[in-house]
Every structure is written in C-alpha cells, then in structure tokens.
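Residue-level listing of the chains:
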Amino acid sequence: MLTSLQNPLIKEVRKLQKTQERHRQNLHLLEGTNLLEVASQVNYPLVTILSTPLWQEKNDSLWQTLQNQGERIETVSPELMKHIATTVNPDGIIATAYRNSRQAQPPENLRLGLICHRIQDPGNLGTIIRTSVATDVDFLWLSSDSVDLDNPKVMRSSVGEWFKIQAKVENDLISVVKKYQSQGYQIIATSLQGKKTHWQIDFTKPTILLLGNESQGLSPELAILATENVKIPLVNNVESLNVAIATAFLLAEYQRQSINKLC
C-alpha cells in the first residue's frame, strides 16, 4: 500500500489537479466510482488506477474488471487518497488516462451538431454534454479557448455521460460552420433580438446549433453565420438563461420534434 506523499507516482498524480500539468503530462483524471464504472463499460484505456482497501472491498466486481484495464494498479491509504483527489470527500478511487484517447470525428449523416464557443464553466459544459447524450445529439465541437473537454469537473458534471458523447476540440470553428452551411444546414443561434422562438424552428432539418460564452455570447464572426436567430420566451423580467439551461430548452424541443416525426 502506498502511504507517502513523497512517492514519485503520487507526486505526479497530485500535480494533475492543475490544468498546465495535465497538458504537460498528456494525462487527465477520472475520479469516483460513477466515472470508473462507465469507463469500464466502454473499455476506456486507463494508465494508472489508485484505490483504497475499503473501496476495493465494497466494489470487488468492478475492481477485478479494472485491474485488466489499467497499465499500473496501486492501493493507497485513505489519507493519501484525500491528497491526490480533487473532491473534498473522495469515495476511494481515482485513475489517469491519456488526453488523446478520444479521436472522434463527426458522422457523415449529421442530424444535429453543437458548436460550443468559449465555454468557461466546467459545470456548464458537463451539463451540456449530459443533456446532449440524453437527447441524442450527434456531435459536439468545442473551441480550443474553452474549458478543457477532459477537465475533472466537466467529467463529474456529465455524470458519466462524457464517455458517450462524440466530441472534439476544434481550433477553427468558423470553417466548420461554413462547411455545413454550404451543405444546406440551418445554423441556429440564440439571441435576445431573435425574431422566432425555438418552438418555431424546424429541428427535423439538418442543424448546427451555436452556443456562446456565458457572459459574452458568440463572437461576431460566428454570430453572423447564423441563418436563424431564436429567442427563448421568458417571463417575470428574467432577461436570460444560463447557457446550459438554454441549451436544454433547445434540445428538448429538438427531441420532441424528432419523436413526433417517428410517430
């Protein structure tokens, strides 16, 4: 059992709490039983797995499975787990994986894609990912100046759905939007000055949905590419919604129309 903070492995894993270290080591963190259960289900390649004896005892079946999935397996003391975990009350397991393990590409017959531009809050991105999986979004592009796609808080906020979303980080979102626009896709953005509500948009058409920064919205260069600007009707003098909540409104309407089309 590893018990010392001076252990070289522990030192390196602890450093992964910082963004720059995750980039330097080309590793990201997976923390908690929920994430590791889904990682096991999809056979996501793991590098190092660290867990406490109590966690192993409570999760024997999952522990046995994970031992065939990681390159290095170690048992650590509960005290050490508290030092390497990013949560206040870790449940006893944490793992690392290579950041380039995901190399997703959009499907040829894309029905609905999301463009996430300069999203900064990891909780928002995690919620957008979870909602996207729940409503069967085909693909998600994330701008390179957004919060990291594999930020630990993003992964936890997605409640395991992170492994199911088809997504990639993209340096040139404008080119992506123009490509689909040239193919006849409708490009939808939300705006307080929108002339239509999201209920009036035909989401059965091939669609790219633009989602902007929490405080500044979309850049002018992206916003001008929208073929439709829509607004979500609000009452009681509420001016706007959190980007993750607004996305949920739009995707709920997309799902409703998709289900009705099948009936």
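Heads up: the structure comes first, above all this text.
A. Spatial organisation of the packing of helix α7 (residues 122–134) against helix α11 (residues 243–262). Close contact between α7 and α11 brings their axes to 9 Å; oriented N to C, the two are set at 5°. On the basis of their axis angle, the class for α7 and α11 is roughly parallel. Residues N124, T127, I128, T131, S132 and A134 of α7 form the contact with α11, whose own contacting residues are V243, A244, T247, A248, L251 and Q255. Split into classes, the residues belonging to the contact of α7 with α11 amount to six nonpolar, six polar and no charged.

B. Focus on the environment of S101. Assignment of secondary structure puts S101 in the loop between β4 (93–98) and β5 (112–116). The partly exposed category is assigned to S101, whose relative accessible area is 28%. A sequence separation of 46 residues divides S101 from W55, and the C-alpha atoms of the two residues are 26 Å apart. The residues touching S101, leaving out its near neighbours within four places in the chain, are Y44 and P45.

C. Broad picture of the pairing of β4. The buried count for β4 comes to five of six residues, which makes it a mostly enclosed element. Sheet topology places strand β1 (residues 27–31) next to β4; five bridges connect them, and they run antiparallel. Counterpart to L27 in the pairing with β4 is Y98. Relative to β4, strand β2 (residues 46–51) runs antiparallel, the two sharing four bridges. Following the sheet pairing, L50 is matched in β4 by I94.

D. The arrangement of the pattern of salt bridges in detail. The final tally for this structure, using the stated rule, is twelve salt bridges. A salt bridge links E74 to R72; the shortest N-O distance between them is 2.9 Å. Owing to a relative accessible area of 38%, R72 belongs among the partly exposed residues under this scheme. Between K168 and E170 there is a salt bridge; the shortest N-O distance is 3.8 Å. Overall, K168 belongs to the partly exposed group, its relative accessible area being 22%. Salt bridges sharing common partners tie together E12, K15, E21 and R24.

E. Main features of the packing of aromatic side chains. Applying the stated criterion across every chain yields a total of eight aromatic pairs. Summarising the aromatic geometry, the rings of Y44 and F163 are spaced 5.2 Å apart at their centres and angled 75° between planes, so their arrangement reads as edge-to-face. Of this pair, Y44 sits in the loop between α3 (33–41) and β2 while F163 sits in the loop between α8 (152–157) and β7 (167–170); the two residues are 119 residues apart in sequence, bridging distant segments of the chain. By relative accessible area, Y44 is classed as buried at 8%. The exposure class of F163 is buried, given its relative accessible area of 11%. With centroids separated by 6.4 Å and ring planes inclined at 80°, the aromatic side chains of F203 and Y254 adopt a geometry described as edge-to-face. Taken together, the positions of F203 in the loop between β9 (196–197) and β10 (207–211) and Y254 in helix α11 put the pair 51 residues apart, joining distant regions of the chain. Cluster of aromatic residues (ring-pair linked, three or more members): F139, W141, Y180 and Y185.

F. Geometry of the nonpolar core. L30, L46, L140 and F163 are the most contacted members of the largest nonpolar core, which has 44 residues in total. The leading source of residues in this core is α11, at five residues. Beyond its immediate stretch of four places on either side in the chain, L30 contacts L35, L36, A39, Y44, L46, I94, A95, T96, A97, M155 and F163. Counting 18 residues, the second largest nonpolar core, distinct from the first, contains W141, V176, Y185 and L225.

The rules behind each value
Residues numbered from 1 in each chain as written. Predicted model: local features only at pLDDT ≥ 70, side-chain atom pairs only at ≥ 80, totals over all residues. Heavy atoms only, no water. Axes fitted to C-alpha atoms, helices over the stretch in contact; angles between N-to-C directions. Helix = DSSP H or I, 4+ residues; strand = E, 2+ residues; numbered from the N terminus. Parallel < 35°, antiparallel > 145°, perpendicular 65-115°, else oblique. Contact = heavy atoms within 4.5 Å. Nonpolar A, V, L, I, M, F, W, Y, C, P; charged D, E, K, R; others polar. Buried < 20%, exposed > 50% of the residue type's maximum accessible area, 1.4 Å probe, protein only. Pairing = 2+ DSSP bridges. Salt bridge = Lys/Arg side-chain N within 4 Å of Asp/Glu carboxyl O. Phe/Tyr/Trp six-rings, centres within 6.5 Å; stacked < 30°, edge-to-face > 60°. Core = buried A, V, L, I, M, F, W, Y, C linked by side-chain atoms within 4.5 Å.

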